[in-house]
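# Architecture and fold: a report
Listed below are the residues making up each chain.
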Amino acid sequence: MANTGWDEFEIGAMLRTFDGAIEDIAGTRQEDRNYSPNSSFTASVADWRIEKPIFNKDYCIDCQFCWIYCPDVSIISRDKKMIGVDMDHCKGCGICVEVCPTNPKSLLMFPELADEETEIASWPTKEEKEK
Amino acid sequence: MSEMKKIKNLKEFSTSADRFEGANLLCPGCAHSIIVREVLNATNDDLVLAASTGCLEVCTAVYPYTSWDASWIHIGFENSSTAISGAEAMYKALKTKGRLKQPDRNPKFVAFGGDGASYDIGFQWISGCMERNHDMMYVVLDNEVYANTGGQRSSSTPIGASATTTPAGSISYGETRNKKDMMGIMAAHNIPYAAQVAPNKWKDMVKKIQKGFATEGAVFINAVSPCTTEWKFDPKDTMMLADLATDSLVFPLYEIIDGHELNITYRPKNVVPVEEYLAAQGRFKHLFKDEYKYLIKEWQERVDANWAYLNRREEARV
Amino acid sequence: MAFDKMELRDIEVWDGNFAAAQALRQCQVDVVSAYPITPSTPIVEGYAKFKADNYVEGEFVMVESEHAAMSGCIGAAAAGGRVATATSSQGLALMAETLYQASGMRLPIVLNIVNRALAAPLNVNGDHSDMYMARDSGWIQFDAYCPQEAYDLNFIAFKVSEDHDVRIPAIVNQDGFMTSHTAQGVKTMDDDTAYGFVGEYKPMNDMLDFEYPVTHGVQTEEDWHFEHKARQHNDMMTIVPDKIDAAFAEFEKLTGRKYNQIEEYSMEDADVAVVCMGTSVETAREVALEMREKGIKAGVVGIRVFRPFPFAKIAEVLKDVKAVAALDRSAPGGTAGALFNEIAGALFNTDSKMLLSGYIYGLGGRDLTKKHLVDLYTELQANADAGKVLTKQQQFIGVRGPKLAYL
């Protein structure tokens, strides 16, 4: 769109979220929606991150705290299960890790370039509570 | 009247299909979008949305992108309330005239604004909408500062906070005026429903939003929105700050029905000293100097007095 | 429909405000969001009363300021329906921010401005300072000189503004008190004919179409803003004039009343001409006729469409005129009057040898008398005879004290 001329826009700088009609938005999951190129869903803020969350499903209890407190709609939950992080939209704030109640945590922050498999293989063990 | 969405627990809530998108430009750790998601996901009904100029607006509709999956409008800094009241009036007109394209829907009309847009510049517009009792909800994303323009004080900024226009300095402790009681003012319009909410208490919040949506008439919601940038804390700690705000009772959670019936909706099991809330934020750092410690004591006294007042209001059932 | 139709006589005696209110009723405006201000108040009072008496179906939102009035109009227009309001003077000034937002968002709204001076000093009477304040706001601007035209131009404004190729809000100006509060005979249309002319509102990019969510009022910075503003200007320059002419033609076919972007009066062989707006046009026409009896070939050009400014039409009609007066009813604030500048711009770079002089008149409702105009035409004829402007280029007329002349 960068080279679009003045005569090629919708008037009033109006944007449409979807290509075509969508009957029931609240009943349609993101993967089933026909987003237009103007929806920020199609954009990425991955380059904002310095650190990224890595999800270890072995410890996850599907409490959904990470889902509700994620400011960036980046926790993907389907059928009441946490299934992963949307790395295009995650800005690396770390809230999901803070609110994760498991021990050890099932989400931890790592440098952006860290390798997921390696980090999961060396995941911290359960922390003993101080007596 | 549409059926209220069933949200028994968080697992059930997590099946919601969001109508707000990521890759917006809000700061990492911004509470605004957490609040917006809780509001939008509280219903499956169609939404017609507005936002006043401010962080939420400039970060979610920067050409050529929109982060909104429902119809949304921004006009100016002061008038998201009136924009949505105009849309609601048109809905009513077209309904009467039988010209709605989808007459079977039950849209909810919601306007968002920051505390600058709501407590200050848009105050009169909101007052007008509340007084006219449009079937709409106005939500303040209250981060107690003009965050979008770089941290100037608003009339929501509390005593002792350092803002760029009320900076702490060698002879200043920052803001000298107390936060405006917006809830009290809005309730005094005798609107059917007003509530103060916090994103960390999601269940309380969703319940109130649903109550608001089920209410015919104007609804006012004041939501505390910890601001990582201007309150000066680590982005990961947003929910911790929200917990400190509600559990220190600096930001008590309550509702006012029909302008008079006040109900406290959250009573912390362990009330946290206000000092802990202040200590977690850079904007209050200077209060911990010896000469300003009296201000922390006064803060605690003010919070205690307000809590006692809310309790008396609740007991009185007036 | 559930509302009652109103039986009108072929000719009713209405003032400009009531004529405009009747037009809003006959267009069955869906939402009026308004705030009262003298002298425009009776327009929205009229809508409210028609609604109270079941002569119109729609929502009347009585807001708490003019800024909110236009904010409500914008929200309602974006939602998708027919929208109108009215204001004057300070009210328009308070609305100023939202005027630009309405036009930038390409929302059809009809705004009746009952022209009134801008304070300070406070004044409730008619001049064109409010009209001029809005001249760069991106709105189409029509000008009515009498109640009949205030009635007719409202229909034309809705028709043009709501056209899907246009979608630009439109202002209908009329002079405060002199038109708004002066009752005259107004030829009416019956309700069905009138509604038939504007037709049912056709929504576009409407927020209330839940299957096509839209985002209105985005932010565009240096990488996009210019293109959007360019588009807005282009459509005003290239699409709107033809749409206005088409609406004028259709209206003439329906009613026999003919409107033009500029209204020429005895201009065919004119040596001297006055260009003005509002009620002054009718006064100038009378005087022009009298001047012709005295042997001065006088003419009048009334501006009917102030925006988009009929640049080429002005150049065409004035090209062979020897001396022209631009009458501006607004304090120019340190420059030539707006009409003076517009006309000069239109004739510059042409072969025309027209002599142009500017007159500031009628501020705060001060009468423009026939005597003023007789003197003015005489001065123009002297310029024409001398082949040069014998006075300063800008003069104030009708003001007490020592003569004011500049430039």
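On a predicted model such as this, the values are computed, not experimentally measured, just so you know. (Residues numbered from 1 in each chain as written. Chains lettered and ligands numbered in written order. Predicted model: local features only at pLDDT ≥ 70, side-chain atom pairs only at ≥ 80, totals over all residues.)

## A short note on the overall build of chain A
We count it as follows: To qualify as a helix, a DSSP run of H or I must reach at least 4 residues; to qualify as a strand, a run of E must reach at least 2; elements of each kind are numbered from the N terminus. C-alpha atoms define the radius of gyration in this analysis, and the globule rule sets the expected value at 2.2 Å times the number of residues to the power 0.38. Three exposure classes are used, all based on how many other C-beta atoms lie within 10 Å of a residue's own C-beta (placed from the backbone): buried at 20 or more, exposed at 12 or fewer, and partly exposed between those limits. Working definition of a contact: two residues with C-beta atoms, positioned from the backbone, lying within 7 Å.
For chain A, the count of helices and strands is three helices and five strands. By the compact-globule yardstick of 14 Å for 131 residues, chain A is too spread out, its C-alpha radius of gyration being 19 Å. Along the first, second and third principal axes, the C-alpha set of chain A runs to 70 × 30 × 25 Å. Per-residue burial over chain A gives 37% buried out of 131 residues. In chain A, the share of contacts with a sequence separation of at least 24, taken over all contacts with a separation of at least 6, comes to 50%.

## Structural notes on the interface of chain C and chain B
Note the threshold: Ten residues, namely Ala, Val, Leu, Ile, Met, Phe, Trp, Tyr, Cys and Pro, are considered nonpolar, four, namely Asp, Glu, Lys and Arg, are considered charged, and the remaining ones, Gly among them, are considered polar. Here the rule is simple: two strands pair whenever DSSP picks up at least two bridges between them.
Each partner contributes residues to the interface: chain C has 39 residues there, and chain B has 39 residues. Of all the secondary-structure elements, those providing two or more residues to the side of chain C that touches chain B are strand E2 (31–34), strand E3 (59–62), helix H3 (66–79), helix H4 (89–104) and strand E9 (214–216) of chain C. Tallying contributions element by element places H3(C) first for the side of chain C that touches chain B, with 10 residues. Its residues assigned to classes, the side of chain C that touches chain B shows 16 nonpolar, 16 polar and seven charged. Relative to E9(C), strand E2 (residues 71–73) of chain B runs parallel, the two sharing two bridges. Pairing of B:Ile73 across the sheet is with C:His216, part of E9(C).

## Some details on the environment of C:Thr279
All names here are of chain C. Inspection of the secondary structure assignment puts Thr-279 in the loop between strand E11 (272–276) and helix H10 (280–293). Residue classification places Thr-279 among the buried positions, given that 25 C-beta atoms sit within 10 Å. Not counting residues up to four positions away in its chain, the partners in contact with Thr-279 are Tyr-145, Asp-175, Met-178 and Thr-179.

## Concerning the pairing of strand E4 (residues 81–85) of chain A
In this sheet, E4(A) lies alongside strand E3 (residues 75–78) of chain A in antiparallel orientation, the contact comprising four bridges. Pairing of A:Arg78 across the sheet is with A:Lys81, part of E4(A).

## Digging into the sheet that holds strand E17 (residues 405–406) of chain C
Residues and elements named next belong to chain C. Filter applied, for reference: Where helices are involved, their axes are fitted lines through C-alpha atoms of the stretch in contact, as for all axes, and angles between N-to-C directions lie from 0 to 180°.
The strand order E10-E12-E11-E14-E15-E16-E17 describes an open sheet built from seven strands, whose pairing is mixed. Each edge of the sheet is formed by a strand with only one pairing partner; in this case those strands are strand E10 (262–265) and E17. Two strands pair when backbone bridges link them, and E11 and strand E12 (residues 298–303) are joined in this way by five bridges, in the parallel orientation. When the bridges of E12 are listed, Val-274 appears paired with Val-300. Its contacts with the sheet place H10 against E10, E11, E12 and strand E14 (323–328), and it is angled at close to 165 degrees to E12.

## Observations regarding the packing of H10(C) against helix H13 (residues 370–386) of chain C
Residue and element names in this part refer to chain C. Under the convention used in this document: Any angle that falls under 35 degrees is termed roughly parallel, while one over 145 is termed roughly antiparallel, one within 65 to 115 roughly perpendicular, and all others oblique. We call a crossing left-handed when the near helix sits turned anticlockwise from the far one by less than a right angle, and right-handed when that turn is clockwise.
Taken N-terminus to C-terminus, the directions of H10 and H13 make an angle of 55 degrees; their axes are 9 Å apart at the nearest point. On the basis of the axis angle, H10 is oblique to H13. Note on packing geometry: the crossing formed by H10 with H13 is right-handed. On the side of H10, the interface is formed by Thr-283, Ala-284, Glu-286, Val-287 and Met-291, while H13 contributes Lys-370, Leu-373, Val-374 and Tyr-377. A per-class count over the contact of H10 with H13 returns six nonpolar, one polar and two charged.

## Focus on the domain arrangement of chain C
Interfaces are frequently sized by the accessible area removed from exposure as the parts join. All names here are of chain C. For clarity, the cut-off: Where each domain starts and ends comes from a domain assignment, either automatic or drawn from a database.
Under the domain assignment used here, chain C contains domain 1 (11–255) and domain 2 (262–406). Taking the mean C-alpha position of each, domain 1 and domain 2 sit 28 Å from one another. Each partner contributes to the interface: domain 1 provides 27 residues, whereas domain 2 provides 20 residues. Residue assignment for the side of domain 1 that touches domain 2 shows that the elements contributing at least two residues are helix H5 (129–133), strand E6 (140–143), helix H8 (225–238) and helix H9 (240–255). For the side of domain 1 that touches domain 2, the leading source of residues is E6, giving four residues. Looking at the side of domain 1 that touches domain 2 residue by residue, the classes come out as 15 nonpolar, eight polar and four charged.

## Brief notes about the confidence of the model for chain C
For clarity, the cut-off: Per-residue confidence from the predictor is reported as pLDDT, which spans 0 to 100.
Looking at chain C, the pLDDT average stands at 98 and 100% of residues meet or exceed 70. Confidence estimates for the predicted assembly give a pTM of 0.97 and an ipTM of 0.97.

## Describing unusual backbone geometry
In this structure, C:Ala120 follows C:Ala119 across a cis peptide bond, with omega equal to 5 degrees. Topologically, C:Ala120 is positioned in the loop between strand E5 (110–115) and H5. Backbone torsion omega between C:Ala120 and C:Pro121 reads -5 degrees, so that peptide bond is classified as cis. With respect to the helices and strands, the residue C:Pro121 is situated in the loop between E5 and H5. A positive phi angle, close to 55 degrees, is found at B:Ala23, a residue other than glycine.

## A word on the nonpolar core
Stated precisely, the cut-off is as follows: Think of a nonpolar core as buried Ala, Val, Leu, Ile, Met, Phe, Trp, Tyr and Cys residues chained together by C-beta atoms that fall within 7 Å.
A:Cys66, B:Ala87, B:Val110, C:Val275, C:Val324 and C:Ile343 are the most contacted members of the largest nonpolar core, which has 258 residues in total. It is H3(C) that contributes the most residues to this core, nine residues altogether. Beyond its immediate chain neighbours, meaning those up to four positions away, C:Val324 contacts C:Ala273, C:Val275, C:Leu318, C:Ile343, C:Met354, C:Leu355 and C:Leu356.

## Quick look at the interface of chain A and chain B
Contacts between chain A and chain B engage 41 residues on the former and 37 residues on the latter. Broken down by secondary-structure element, the contributors of at least two residues to the side of chain A that touches chain B are helix H1 (65–69) and helix H2 (95–99) of chain A. Tallying contributions element by element places H2(A) first for the side of chain A that touches chain B, with four residues.

## A look at the packing of helix H6 (residues 147–162) of chain C against H9(C)
Residues and elements named next belong to chain C. Running from N to C, H6 and H9 cross one another at 130 degrees; their axes reach a closest spacing of 10 Å. With respect to their mutual orientation, H6 and H9 come out oblique. The interaxial crossing formed by H6 with H9 has right-handed handedness. Across the interface between the two elements, Asp-152, Phe-155, Ile-156, Lys-159 and Val-160 of H6 pack against Val-240, Lys-243, Ile-244, Ala-247, Phe-248 and Phe-251 of H9. For the contact of H6 with H9, the class distribution of residues is eight nonpolar, no polar and three charged.

## Considering the sheet that holds strand E8 (residues 219–224) of chain B
Reading across the sheet, the 10 strands line up as E1(A)-E9(C)-E2(B)-E1(B)-E3(B)-E4(B)-E8(B)-E7(B)-E9(B)-E10(B) and stay open at both edges, with mixed pairing between neighbours. On the outer flanks of this sheet lie strand E1 (15–16) of chain A together with strand E10 (261–264) of chain B, each paired with one strand and no other. Bridge count between strand E4 (residues 137–142) of chain B and E8(B): six bridges; the pairing is parallel. Pairing of B:Tyr138 across the sheet is with B:Phe220, part of E8(B). Across the sheet, helix H8 (residues 202–214) of chain B is in contact with strand E3 (108–114), E4, strand E7 (193–197), E8 and strand E9 (254–257) of chain B; its angle to E7(B) comes to roughly 160 degrees.

## A closer look at helix H11 (residues 311–318) of chain C
All names here are of chain C. Just so we agree on the cut-off: In this description, the arc belongs to the directions extending from the helix axis to the C-beta atoms.
Looking only at H11, the buried set comprises Ile-314, Val-317 and Leu-318. Around the axis of H11, the buried residues are gathered within 90 degrees of arc, so they sit on the same side. Looking at the packing, one finds that the buried side of H11 touches E10, E11, E12, E14 and helix H12 (338–347).

## Points about the environment of C:Gln232
Residue and element names in this part refer to chain C. On the secondary structure map, Gln-232 appears in helix H8. With 20 C-beta atoms packed within 10 Å, Gln-232 lands in the buried category. Distance from Gln-232 to Ile-168, taken between C-alpha atoms, is 8.5 Å for residues 64 residues apart in sequence. Look past the residues within four positions of Gln-232 in its chain and what remains in contact with it is Ser-103, Gly-104 and Gly-138.

## Details of helix H2 (residues 31–40) of chain B
With respect to burial, H2(B) is a largely interior element, 10 of its 10 residues being buried. Of all the residues in H2(B), the buried ones are B:Ala31, B:His32, B:Ser33, B:Ile34, B:Ile35, B:Val36, B:Arg37, B:Glu38, B:Val39 and B:Leu40.

## Some details on the environment of B:Tyr91
Mapped onto the elements of the fold, B:Tyr91 is located in helix H4 (residues 80–96). Between the C-alpha atoms of B:Tyr91 and B:Pro103, which are 12 residues apart in sequence, the distance is 10.0 Å. Not counting the four nearest positions on each side in its chain, B:Tyr91 is found in contact with B:Pro107, C:Ala79 and C:Leu208.

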